[in-house]
Amino acid sequence: MRKRQIITGTIAASLVLYACKKEKQDPTYNPTAATVEVPAYVKTYVGEVPIPADNAMTAEGIELGRKLFYEKMLSDNSTMSCASCHKQENAFDDPRPFSEGTHGAFGDRNAMAIVNAAWDKHFFWDGRRASLEGQAHDPVSNPIEMANKWPEVVKRLQNSEEYPDLFFKAFGTSTIDSTLVTKAIAQFERTLVSFNSPFDKYYYKGDSAALTQQEKNGFMLFTGKAMCNNCHLTNTLFTDREIKNNGLDENPKDPGLMKFTGNAADRGKFKVPTLRNIGVTAPYMHDSRFATLEEVVDFYSSKVKQNSPNLDEHMPDFGSGINLTQQEKTELIAFLKSLTDKEFITNPKFSDPNN
Ligand code: HEC
Ligand code: HEC
């Protein structure tokens, strides 16, 4: 170890000499390794924040990714950034049922919250992308979202005053390409961890006063009669990270996972979303069909379509439903709202760096 330090020291010294000779100030590539801190109980259940081998986290990479997440140059007419549809105050979700693209077009799915996404295995409602890096590639060129072309994005960033230097600091090269852009954005997204809700304080940190009796009753229902934790696991993430059919429709209009696999056995399957910060991410479900948590809980209580294709085996099958009483519904909703992490939705480290 010591030997290696000496060797790198020598190389660095000769680089400095070389730079002086040429009278050109190449910034030295010396990124700061970064880790994302999560509570010990999270590590026990789901491990550290997973980091892909080819995209190590650095302070410079995260800062660059944050800047790019809020960068309107990514869209064709420079009016829209990722954050236009993924708003921090809504846990990086869009409060509009369907997001409007740069030219007034609307998609047919609700934007998704970006919360503890580092642990996810599938991205988008139909799970068609397997990594945050892969995911970040798509919205830029999606004609009903940012409607741009990657070569154009790269050209704009390359010609800007500040970006070439920021890419050098993060990746050791000032030659920008789409791979590096998506790597930086993914690094920033992996820092979006949320584990500081009142529920965390109560359940994992032992503060029995952090929840009201009503919220505690709701949690008992969540893991008991209502069986929500069959899929929205109490594994600290509140999702099993799978793609499943929760029985919204007898005849699903949007084929979900089947759109991507072509397999009829995947019809009607959608990503099981996290329920963290669910109180600030309305409207709900892939097509925003429910405006409120009251409507969501009504659905699970008595409106699940038992003959929906590929209905998940973990959907409680009580024939006519689990039929929660009005009081139980109120308690369950109170519990769901206790998963809102105020620190997460106001943390200045995640906000627009230009403000
Ligand atoms: C015009 C609105 C819009 C813009 C701009 C936008 N998104 Fe999205 N985002 C969406 C919608 C809608 C979905 C869900 C689409 C689907 O499932 O087909 C989504 C899904 C995602 C997901 C998947 C989350 C999950 O849990 O699977 C991530 C991550 C994401 N977007 C990140 C980004 C990034 C990074 C950018 C910028 C490069 C961006 N988005 C730009 C609307 C937008
Ligand atoms: C069989 C697995 C399963 C069970 C059990 C389950 N869910 Fe879900 N949940 C899902 C899936 C899948 C989705 C996404 C469905 C879609 O949009 O098509 C979802 C979506 C949701 C959403 C909307 C999330 C968003 O971001 O729009 C809420 C809220 C929710 N579930 C709460 C609950 C509650 C409360 C219970 C218990 C009464 C429950 N779920 C039981 C699988 C399940």
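This one's a predicted model, so the numbers in the text were calculated from it and none came from an experiment. (Residues numbered from 1 in each chain as written. Chains lettered and ligands numbered in written order. Predicted model: local features only at pLDDT ≥ 70, side-chain atom pairs only at ≥ 80, totals over all residues. Heavy atoms only, no water.)

1. Some details on the site of ligand 1
So, point 1. Within the structure, ligand 1 sits among 25 residues, and Cys82, Cys85, His86, Phe124 and Lys271 are positioned closest to it.
So, point 2. The separation between an oxygen atom of ligand 1 and a polar main-chain atom of Phe124 is 2.8 Å.
So, point 3. The contact in question runs from a nitrogen atom of ligand 1 to an N or O atom on the side chain of Gln135, over 3.2 Å.
So, point 4. Contributions of two or more residues to the shell around ligand 1 are made by α4 (132-141) and α7 (178-190). (Near = heavy atom within 4 Å. Polar contact = N/O pair within 3.5 Å; in protein donor to acceptor, adjacent residues only side chain to side chain. Helix = DSSP H or I, 4+ residues; strand = E, 2+ residues; numbered from the N terminus.)

2. Quick word on the site of ligand 2
So, point 1. Neighbouring ligand 2 are 26 residues; Cys228, Cys231, His232, His286 and Tyr300 lie closest to it.
So, point 2. With respect to ligand 2, the side chain of His286 contributes an N or O atom lying 2.6 Å from an oxygen atom.
So, point 3. Per-element tally for the shell around ligand 2: the top contributor is helix α11 (residues 293-303), with three residues.

3. Description of the confidence of the model for the protein chain
Low-confidence regions, as indicated by low pLDDT, have predicted coordinates that should not be scrutinised in detail.
So, point 1. Scored by pLDDT, the protein chain has a mean of 92; 91% of the residues are at 70 or more.
So, point 2. Overall, residues 1-25 carries pLDDT values under 50, and its contacts beyond four positions in sequence, including any with other chains, amount to one contact. (pLDDT = per-residue confidence, 0-100. Contact = heavy atoms within 4.5 Å.)

4. Here's the deal with the nonpolar core
General note: in soluble globular proteins, nonpolar side chains tend to be found buried as a group.
So, point 1. By size, the foremost hydrophobic cluster in this structure holds 77 residues, and its most contacted members are Leu68, Phe69, Trp119 and Phe167.
So, point 2. In terms of residue count, the dominant contributor to this core is α7 (six residues).
So, point 3. Of the residues that make up this core, three or more belong to each of domain 2 (31-193) and domain 3 (198-339).
So, point 4. In this view, Phe167 contacts Leu64, Leu68, Gly172, Thr173, Ile176, Leu180 and Val181; residues no more than four positions away in its chain are not counted. (Core = buried A, V, L, I, M, F, W, Y, C linked by side-chain atoms within 4.5 Å. Buried < 20%, exposed > 50% of the residue type's maximum accessible area, 1.4 Å probe, protein only. Domains from an automatic or database assignment.)

5. A short note on the pattern of salt bridges
So, point 1. Per the stated rule, a full pass over the model turns up 21 salt bridges.
So, point 2. With its nearest N and O atoms 2.8 Å apart, the salt bridge here joins Asp254 to Arg109. Of the two residues, Asp254 sits in the loop between β1 (243-244) and α10 (257-261) while Arg109 sits in the loop between α3 (59-69) and α4, which places them 145 residues apart along the sequence. Like Asp254, the residue Arg109 is buried in the burial classification.
So, point 3. Between Arg289 and Asp287 there is a salt bridge; the shortest N-O distance is 2.8 Å.
So, point 4. Given a relative accessible area of 22%, Asp287 falls into the partly exposed group.
So, point 5. One salt-bridge network, held together by shared partners, links Arg109, Asp126, Arg128 and Asp254. (Salt bridge = Lys/Arg side-chain N within 4 Å of Asp/Glu carboxyl O.)

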